[in-house]
Every structure is written in C-alpha cells, then in structure tokens.
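# Coordinates in review
Given next are the chains, with one letter for each unit.
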Amino acid sequence: MSLKVTIYSFSYKKSGIPKDESGNGGGFVFDCRFINNPGRIDEYKSMTGLQQPVIDFIQKQEAMTVFLNNVFDITDLAIENYVSRDFKNLMISFGCTGGQHRSVYSAEYLKRHINEKYKNVITEVHHNDLDENFLPRNP
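Below you will find a few notes about this structure. Small disclaimer: the values here were computed from a predicted structure and weren't measured.

Now for the sheet that holds strand E3 (residues 89-96). Taking strand neighbours across the sheet as the criterion, the 4 strands line up as E2-E3-E1-E4 in an open arrangement whose pairing is parallel. Either end of the sheet is taken by a strand with one partner, and the two such strands are strand E2 (28-31) and strand E4 (122-127). The mean inter-strand angle of the sheet, taken between neighbouring strand axes irrespective of direction, is 15°. Strand direction decides the pairing type here: strand E1 (residues 4-11) and E4, joined by 6 bridges, are parallel. Within the sheet, the bridge partner assigned to serine 9 lies in E4 and is histidine 127.

Rendered as structure tokens:
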C-alpha cells in the first residue's frame, strides 16, 4: 500500500486546526496568514483560492513563492522518509484567517507538487471552510 498524504485548508477562526483521523496524532501545520490576504480586497472577497483572479493575485506575491518552496522542501523530506519506512499516512494542513483564499491555494499547489514528483503517493485534499458551491464537482 502506498503513502497517502491528506492535505487540508482551514480557517483558524472558524474550524481551527484539523484533527488527524489516521490515528497518528498530527502532521505539519503551516500558517499562511503572513501572505497578503485577497479576502481584504472587495473584488476577491466572494472568490476562493480555486479561482483564477485570486490565484493570479497570490502568485504575484514573492513571499508565497518562497513559502511554498520551503514547504515543498520540508514535505519532500518527510514523504521520502515515510515512503522508505513504509508509512501509510501523512497529514499536512494550511491555515489562514477565513480558510478561503491563501490556505486553499497552498493546499492545491502542494497537491500538484506531490502528484508531479511522487507518482506512487496518493494525495487527498479537503477544504474545511469552503462553501460547497465553491468546491470542484466530479464529472
């Protein structure tokens, strides 16, 4: 069985740090609140980190690029170690104020990074504080 990486986005204000359902007692928690918040800009308030205008806004911030590259470095080390030791679960969470923009963006980009780099690792993303209307639908 492969390593399963479960990635969460969440709001520190609404739902708090997600509980690890795997029984391992936790994982990495990254705080995105230092990145400029698109939710404070009227045109982005009703959008999420899944939508292109918000993605463009976030990607223009050098701090986000540096942050995610550091996250990739840290999580790559853990993934490689866990795979070599035949671990089954790793939990990684991203929090921000509302759980709608920065944490969602970060969770999605980490999933993409893992999927591109580790073909035998299973990824699952949960956006704990997104309204159902914003979540992608399965065809």
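Now for helix H1 (residues 52-59). Among the residues of H1, Val54, Ile55, Phe57 and Ile58 are the ones counted as buried. In a view along the axis of H1, the buried residues occupy a sector of 160°, so they form one face of it. Where H1 is buried, its residues touch helix H2 (62-84) and helix H3 (102-117).

Rules of the game
- Residues numbered from 1 in each chain as written.
- Predicted model: local features only at pLDDT ≥ 70, side-chain atom pairs only at ≥ 80, totals over all residues.
- Heavy atoms only, no water.
- Pairing = 2+ DSSP bridges.
- Helix = DSSP H or I, 4+ residues; strand = E, 2+ residues; numbered from the N terminus.
- Axes fitted to C-alpha atoms, helices over the stretch in contact; angles between N-to-C directions.
- Buried < 20%, exposed > 50% of the residue type's maximum accessible area, 1.4 Å probe, protein only.
- Arc of directions from axis to C-beta.
- Contact = heavy atoms within 4.5 Å.

So, to be careful, I would describe these as geometric facts and stop short of saying anything about function.
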